[in-house]
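Coordinate analysis (summary)
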Amino acid sequence: MIGLISATAAGAAARDRLAAAWPDRTRVYEGPVADAVRRAFGECEQLVCFLATGAVVRLVAPLLSDKASDPGVVCVDEGGRFAVSLVGGHGGGANELARAVGALLGAEPVVTTATDAVGVPGLDTLGLPVEGDVAGVSRALLDGEPVALELESSWPLPALPDNVGGAVSGGGPTIRVTDRLTGSAGAGVVVLRPPSLVVGVGASKGAPLDEVLGLVQGALADAGLSAASVAALATVDAKAAEPGIVGAAERLGVPVVTYSADELAGVEVPNPSDAPLVAVGTPSVAEAAALVGGGELLVPKRKSERADGAPAMATCAVVRRPGRGRLAVVGLGPGARDLLTPRAETELRRASVVVGLDQYVDQIRDLLRPGTRILESGLGAEEERARTAVAEARKGQAVALIGSGDAGVYAMASPALAEASDDIDVIGVPGVTAALAAGAILGAPLGHDHVSISLSDLHTPWPVIERRVRAAAEADIVVTFYNPRSRGRDWQLPKALAILGEHREPTTPVGVVRNASRPDESSRVTTLADLDAATVDMMTVVTVGNTATRNVAGRMVTPRGYRWQETTR
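Residues numbered from 1 in each chain as written. Predicted model: local features only at pLDDT ≥ 70, side-chain atom pairs only at ≥ 80, totals over all residues. Heavy atoms only, no water.

Let us now look at the packing of aromatic side chains. To describe a pair of aromatic rings, you give the distance between the ring centres and the angle between the ring planes. Scanning the model with the defined rule gives two aromatic pairs in all. With a centroid separation of 4.8 Å and an interplanar angle of 55 degrees, the aromatic rings of Tyr 410 and Tyr 482 are classed as tilted. Placement of the pair is Tyr 410 in the loop between β19 (398–403) and α15 (413–419) and Tyr 482 in strand β23 (residues 478–482), with a sequence separation of 72 residues. For Tyr 482, a relative accessible area of 10% translates into the label buried. Ring geometry for Trp 462 and Trp 491: centres 5.0 Å apart, planes at 70 degrees, overall edge-to-face. (Phe/Tyr/Trp six-rings, centres within 6.5 Å; stacked < 30°, edge-to-face > 60°. Helix = DSSP H or I, 4+ residues; strand = E, 2+ residues; numbered from the N terminus. Buried < 20%, exposed > 50% of the residue type's maximum accessible area, 1.4 Å probe, protein only.)

Ordered by their spatial adjacency, three strands build an open sheet running β21-β28-β27, and the pairing between neighbours is mixed. Looking along the sheet, the strands with just one partner apiece sit at the ends: β21 (443–444) and β27 (550–552). Strand direction decides the pairing type here: β27 and strand β28 (residues 555–557), joined by three bridges, are antiparallel. Within β28, the residue paired with Asn 551 across the bridge is Met 556. (Pairing = 2+ DSSP bridges.)

Topologically, Glu 384 is positioned in helix α14 (residues 382–394). Taking the C-alpha atoms as reference points, Glu 384 and Ser 273, 111 residues apart in sequence, are found 50 Å from one another.

Take the sheet that holds strand β22 (residues 450–454) next. With mixed pairing, the five strands of this open sheet are ordered in space as β22-β23-β26-β24-β25. With partners counted over all chains shown, the strands left at the sheet margins are β22 and β25 (522–527), one partner each. Across the sheet, the axes of successive neighbouring strands diverge by a mean angle of 20 degrees, strand direction being ignored. Docked against the sheet, helix α17 (residues 462–474) engages β22 and β23, running at close to 160 degrees with respect to β22. Sitting on the sheet, helix α18 (residues 492–501) touches β23 and β26 (540–544), and the angle it makes with β23 is about 175 degrees. (Axes fitted to C-alpha atoms, helices over the stretch in contact; angles between N-to-C directions. Contact = heavy atoms within 4.5 Å.)

Right, let's get into the packing of helix α1 (residues 9–21) against helix α4 (residues 94–105). Two elements in contact, α1 and α4, have axes separated by 11 Å at closest approach and are oriented at 105 degrees. By the angle class used here, α1 and α4 are roughly perpendicular. For the pair formed by α1 and α4, the contact residues are Ala 14, Arg 17, Leu 18 and Ala 21 on the first element and Val 101, Leu 104 and Leu 105 on the second. (Parallel < 35°, antiparallel > 145°, perpendicular 65-115°, else oblique.)

As structure tokens, this is what we get:
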């Protein structure tokens, strides 16, 4: 929760804008400012104070205890010009909050954290739990000193600066990636904990939380494994709501993953048993649940021990899952930066390798972490880019394959997923499509059923395209044409429009948008009879209304309901 505090009418106005935009994330604190800050500091993960920086410093200073647990604090001036990350830039998320608040209020985010200021990734922003000498190793990163990278556990990492990698003589600054307990990391050593461990858990009905949690923690400690690397507790679906398992997962801060008895029965395990077979229908719960998806069994089935000598009520097993490459297929939207989604930005910064068309890479180059490897190519190399991205992910890299609009709409998701198998993790990141961007500019042409059709016959035979256009025409569906016309394909759009004209009046509204959301954007609303196909190119989206679409004050509007049919029969 984000606590919002203000003292003046101007601050309250900006505060209320933020509260209205984030109703589920924010809480307004009223009353005397000092009391409001004190209450919010104790109850919220983050604070936004619409006060002078000096005032906020004096108010929060007595409340600070530990940067690992203190909330992030952002200060916004009375004029709404700046959003200052004041406390907890990384650990409290204040840096990202300042950027988000700035974007929403039109304020300039002010981030003074050293690593952010010079474009070096903070070690506590890499998405993995971090331990050890964060300040010392960060200083080495900032100073350009050689920093060793020790990968005891293979895991896809975000891009790291060029001075990170290989061994450093004399025991210099080191980043160690491991799921093993290392004791005190010592000066000059940072440990990153990958989520590489899965703990399978079985439990009798009513197994106490302390027994389940104690068993899991003891098994990890005895095996020299860090609880910070546990990704999930896994069990049979019949135990999905077992309080002891659910409570242990909550204490560990991980989800409970469940599988059916049939799924678990198909997993080969070293220690099957008749007891779970009778109880839930599978000869193994703990080992089988941990081994679903493969991995190395580090701790075979282990039973809990009860002080009163009663039979054990819980079992567990620990598996190290293999490090898998990560492929994020990212839609960049139609081109405008403010139509790039926050999730897309996150994935771009998480990647160590970015693959894409050169002109799309240019759009987001400034968002990438220093050290990101960029593999760019020109037009017409879609399948090659897809193969390259998948190949890089199979090497264990964190890869972002980028495309315009939505990556799943006439873009890179299809060739990438056709190339990928189940040996890598694939994440789809949606984007604003050209049809949606154009529709917003034109008015509301997609207010009812609509279809997108590409007129490019490079990948689809024209007879197939024509059949689809005819079906849309006969069904009275609004049509958005992608790839409508190029120098070598100048007859397809007139043909498609003629097919639609067989079923729609010449006065049917048609919207034409070129370079939607970009600086040279242009748009117009014309009619089916008046559209000059020669004015359309590959940077254009053409949307043809249905028999209900109207031109209202120069905007295309397709009604949501069917009442128009009653007046046109």
